[in-house]
Amino acid sequence: MGSELKKMSELLKSGATMLSETCPECGSPLFRVGKEIICAKCNRQVVIVKSTEEEGKIMGDRVLQELEQTLLSKIKEIDGAIRSEKDPDRLGQYGKALLTWLDAFERVRRLKPD
Ligand SMILES: [Zn+2]
C-alpha cells in the first residue's frame, strides 16, 4: 500500500495526470504518462476502450427511448379501453395493468440520463 502511494506521487511529480478512469483490474485511479495510461498498483499499461463504452451507452439510451415510447403507447391504449369499459371486473384489470405500465414507465425514465 505504501509503495503504491509512493509510486503515485512519483508519477504526479514526473508530470503524469491522474485520470477519472479507474483500473479495470484493481480499481485504482489511472495515470496518463505521455501517450500511455498506466496503473500504479498493477504497475502496467492499461488500454481504455472509451469509444466502445460510449457506443454502448448511446445504444442503451436509444433502447430506453424506444421502450419509453412503447410503454407510453400501452398506457394510452389502456386509457382508451378504460373510457369505454363499464364492467367493474375488467376496469379492475385495466387498473392493475395501468399501474404495472406506469411503474415500468417510471423506472425507464429514472434509468435515462437527464
Ligand atoms: Zn490496477
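Residues numbered from 1 in each chain as written. Predicted model: local features only at pLDDT ≥ 70, side-chain atom pairs only at ≥ 80, totals over all residues. Heavy atoms only, no water.

Caption draft 1: Quick look at the pairing of strand E3 (residues 36-39). Taken together, the 4 bridges between strand E2 (residues 29-33) and E3 define a ladder with antiparallel strand orientation. In the strand pairing of E3, arginine 32 is matched with isoleucine 37. Taken together, E2 and the strand that follows it, E3, pair antiparallel across an intervening segment of 2 residues, in which glycine 34 is found at a positive phi of about 65 degrees. One ladder, built from 2 bridges, connects E3 with strand E4 (residues 44-45); its direction is antiparallel. Looking at the pairing, cysteine 39 lines up with arginine 44 of E4. Where E3 hands over to E4, the hairpin turn is made up of 4 residues, of which asparagine 43 adopts a positive phi near 55 degrees. (Pairing = 2+ DSSP bridges. Helix = DSSP H or I, 4+ residues; strand = E, 2+ residues; numbered from the N terminus.)

Caption draft 2: Main features of the coordination of the zinc ion. Every protein donor of the zinc ion is accounted for by Cys23 (SG), Cys26 (SG), Cys39 (SG) and Cys42 (SG), and the metal-donor separations fall at 2.2 to 2.3 Å. Of note, the zinc ion draws all its donor residues from one chain, in the sequence arrangement C-x2-C-x12-C-x2-C. In this pair, cysteine 23 sits in the loop between strand E1 (17-22) and E2 while cysteine 39 sits in strand E3, placing the two residues 16 residues apart along the sequence. A relative accessible area of 3% means that cysteine 23 is categorised as buried. On the basis of relative accessible area, cysteine 39 is assigned to the buried category, the value being 0%. (Donors = N, O, S within 2.8 Å, 3.2 Å for Na, K, Ca; no water. Buried < 20%, exposed > 50% of the residue type's maximum accessible area, 1.4 Å probe, protein only.)

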